[in-house]
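# Observations on chain architecture
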Amino acid sequence: MLKILGRVTSINVRKVLWALDELRLQYEREDWGLPIRDPKVPEFLALNPNGQVPVLIEGDFVLWESNAILIYLAEREGVLLPQHLESRALALQWLGWQASELNPPWGYAVNALIRKTPGYDDPERIAHSIRQWGAKMALLEERLAKGTAFVAGDEFTIADIALGLSVHRWMSVPADKPELPAVGEYYERLMSREAGARWMGAETP
Ligand SMILES: N[C@@H](CCC(=O)N[C@@H](CS)C(=O)NCC(=O)O)C(=O)O
């Protein structure tokens, strides 16, 4: 059976678990990742030399990087990625954008305001992080305001899974944030999916 290594409090692990539920695939999950179980041990590093979760294991096949796992699952099952070449490319564009552009700016604010990590208490840096994060969210707002149900068109894709978890985090952070009505409607749409409500429901500590 397909096995996922990773703690459910990780947003990258939740991406994969949400996709597995959308695909109605059975899996086993083993808790790895701090503070539950340190992945920087030889047994885990032999599977993922980065010492990070998630990892997918299927027989002898081992795969890490949450986006690679999402693409693998979608291609294997033939759903959650459009067949149409341009729509598929747009879905992959937004999937990559979530990891490389949208996520990096939130680090300081999330550590300060959600995780309450000691040492993250500089109001200037919190405000800067929210501003930078908000500027990226404004790009998503602009895209969604064009009126399609999902980010790459009217088809739900793996890009919406990744973005949904990021939008959930944006909604959860207690800070003064710009109004993003199209993002708000998108969030409701994703929350109305059974798997969306399950995996966006809990905030990462
Ligand atoms: N680019 C990687 C990032 C994975 C990552 O940052 N994982 C974090 C959790 S979200 C992790 O393993 N942190 C160490 C730990 O939990 O011990 C991916 O998308 O899979």
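Residues numbered from 1 in each chain as written. Predicted model: local features only at pLDDT ≥ 70, side-chain atom pairs only at ≥ 80, totals over all residues.

### So, the overall build of the protein chain
Per the secondary structure count, the protein chain includes nine helices and four strands. Computed over the C-alpha atoms, the radius of gyration of the protein chain is 17 Å, within 12% of the 17 Å expected from 2.2 N^0.38 for a compact globule of 205 residues. For the C-alpha atoms alone, the extent of the protein chain along its principal axes is close to 45 × 45 × 25 Å. Within the protein chain, buried positions represent 37% of all 205 residues. Contacts in the protein chain between residues at least 24 apart in sequence constitute 66% of all its contacts with a sequence separation of at least 6. (Helix = DSSP H or I, 4+ residues; strand = E, 2+ residues; numbered from the N terminus. Rg over C-alpha atoms; globule rule 2.2 N^0.38 Å. Buried ≥ 20, exposed ≤ 12 C-beta atoms within 10 Å, placed from the backbone. Contact = placed C-beta atoms within 7 Å.)

### Brief notes about the site of the ligand
Around the ligand, the surrounding shell consists of Ser-10, Ile-11, Asn-12, Gly-33, Leu-34, Pro-39, Gln-52, Val-53, Pro-54, Glu-65, Ser-66 and Asn-67. Going through the elements one at a time, α1 (11-22) and α3 (66-77) are the ones with two or more residues in the shell around the ligand. Residues of the shell around the ligand, tallied by class, amount to five nonpolar, six polar and one charged. (Near = placed C-beta within 6 Å. Nonpolar A, V, L, I, M, F, W, Y, C, P; charged D, E, K, R; others polar.)

### Looking at the nonpolar core
In this structure, Val-16, Ala-19, Leu-70, Trp-94, Ile-158, Ala-159 and Val-183 are the most contacted members of the largest nonpolar core, which totals 52 residues. For this core, the element with the highest residue contribution is helix α7 (residues 158-172), accounting for eight residues. The residues that make up this core include at least three from each of domain 1 (3-77) and domain 2 (85-198). Ignoring anything within four residues of it in the chain, the contact list for Ala-19 reads Leu-70, Leu-73, Leu-80, Ile-158 and Ile-161. (Core = buried A, V, L, I, M, F, W, Y, C linked by C-beta atoms within 7 Å. Domains from an automatic or database assignment.)

### A short note on the packing of helix α6 (residues 123-144) against helix α8 (residues 181-191)
Two numbers describe a pair of packed helices, the interaxial angle and the distance between the axes. The contact between α6 and α8 brings their axes to 8 Å, and the two run at 75°. With respect to α8, the axis of α6 lies roughly perpendicular. Judged by residue contacts, Met-137, Leu-140, Glu-141 and Leu-144 of α6 engage Ala-182, Val-183 and Tyr-186 from α8. Tallied by class, the residues present in the contact of α6 with α8 amount to six nonpolar, no polar and one charged. (Axes fitted to C-alpha atoms, helices over the stretch in contact; angles between N-to-C directions. Parallel < 35°, antiparallel > 145°, perpendicular 65-115°, else oblique.)

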